[in-house]
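A structural walkthrough
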Amino acid sequence: MRFAVENTLGKLAKWLRILGFDAFYKPDLSAEKLMDIRTGRILLTRTGRIRFRNTSQKRIFITSDNSFEQLREVIVTLGIAQKDVQLFSRCVRCNTMIRKVGKDSIRKMVPDYIWETHGAFHSCTQCGRIYWPGSHTRRSRDIIKRLFK
Ligand SMILES: [Zn+2]
């Protein structure tokens, strides 16, 4: 399931990536621009005027202003189940799949305290960002639990 997310829905794009979904998003790309350049992706938009544009592109109109509710709208509309989610498998910053890396190979790339207290690290092959299970992960898991309740 691949998405193109309009520029007013940045938080929603971030959440979709946390859930492991391919969410194309650029801060300067409106829904109209996305319709011009992207095909084969489900467009997530709250731009009312493109509702009348004649196109075969699949669209979901987001109605909520709250990012958690927006995420729920996508999940309910598409019937996404918790088993479809691959939590923390994708880079939140650039949408690339992340991969497990050896602890020694990232020694200089994370703060000492983090390196010493964590065993498992992942890195993004595109932008190089390093991920580890931290408080952010726990908070995300709580939100996902609520999402599928
Ligand atoms: Zn990245």
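For the structure itself, consult the block above.
No experiment lies behind these values; they were computed from the predicted model shown.

The rules we used
- Residues numbered from 1 in each chain as written.
- Predicted model: local features only at pLDDT ≥ 70, side-chain atom pairs only at ≥ 80, totals over all residues.
- Heavy atoms only, no water.
- Helix = DSSP H or I, 4+ residues; strand = E, 2+ residues; numbered from the N terminus.
- Buried < 20%, exposed > 50% of the residue type's maximum accessible area, 1.4 Å probe, protein only.
- Contact = heavy atoms within 4.5 Å.
- Lys, Arg positive; Asp, Glu negative; His and termini not counted.
- Charge placed at Lys NZ, Arg CZ, Asp CG, Glu CD.
- Pairing = 2+ DSSP bridges.
- Expected span 1.5 Å × (residues − 1).
- Polar contact = N/O pair within 3.5 Å; in protein donor to acceptor, adjacent residues only side chain to side chain.

Remarks on the overall build of the protein chain
Scanning the protein chain from N- to C-terminus turns up 5 helices and 7 strands. Listed N to C, the secondary structure of the protein chain is β-α-β-α-β-β-α-β-α-β-β-α in terms of helices and strands. In terms of overall dimensions, the protein chain has C-alpha extents of about 55 × 35 × 25 Å along its principal axes. In the protein chain, which comprises 149 residues, the proportion classed as buried is 46%. Sequence-distant contacts, at least 24 apart, represent 48% of the contacts inside the protein chain between residues at least 6 apart. One way to put it: in the protein chain the 30 positive side-chain charges average out to a point 3 Å from where the 13 negative ones average out.

Brief notes about unusual backbone geometry
Although it is not a glycine, Phe88 sits at a positive phi angle of roughly 55°. Here Phe88 lies in the loop between helix H3 (67–78) and strand S5 (98–101). One non-glycine residue, Asn95, adopts positive backbone phi at about 75°. Within the secondary structure layout, Asn95 lies in the loop between H3 and S5.

Concerning the sheet that holds strand S7 (residues 130–131)
Strands sit in the order S5-S6-S7 across an open sheet of 3 strands; the sheet is antiparallel. Two strands close off the open sheet at either side, each with one partner strand: S5 and S7. When S5 meets strand S6 (residues 121–124), the two strands line up antiparallel, connected through 4 bridges. Each residue of the ladder has a partner; that of Ile98, found in S6, is Cys124.

A word on H3
Over its 12 residues, H3 runs 17 Å from end to end, which matches the ideal 16 Å to within 8%, given 1.5 Å per residue. Ser67, Phe68, Gln70, Leu71, Glu73, Val74 and Ile75 are the residues of H3 that are buried. Packed against the buried residues of H3 are strand S1 (2–5), helix H1 (10–18), strand S3 (42–45), strand S4 (59–61) and helix H5 (135–147). At the N-terminal end of H3, a side-chain oxygen is found 2.9 Å from the backbone nitrogen of Phe68, two or three residues along, and the residue is Asn66. Of the residues one or two after H3, Gly79 is the one with positive phi, at around 65°.

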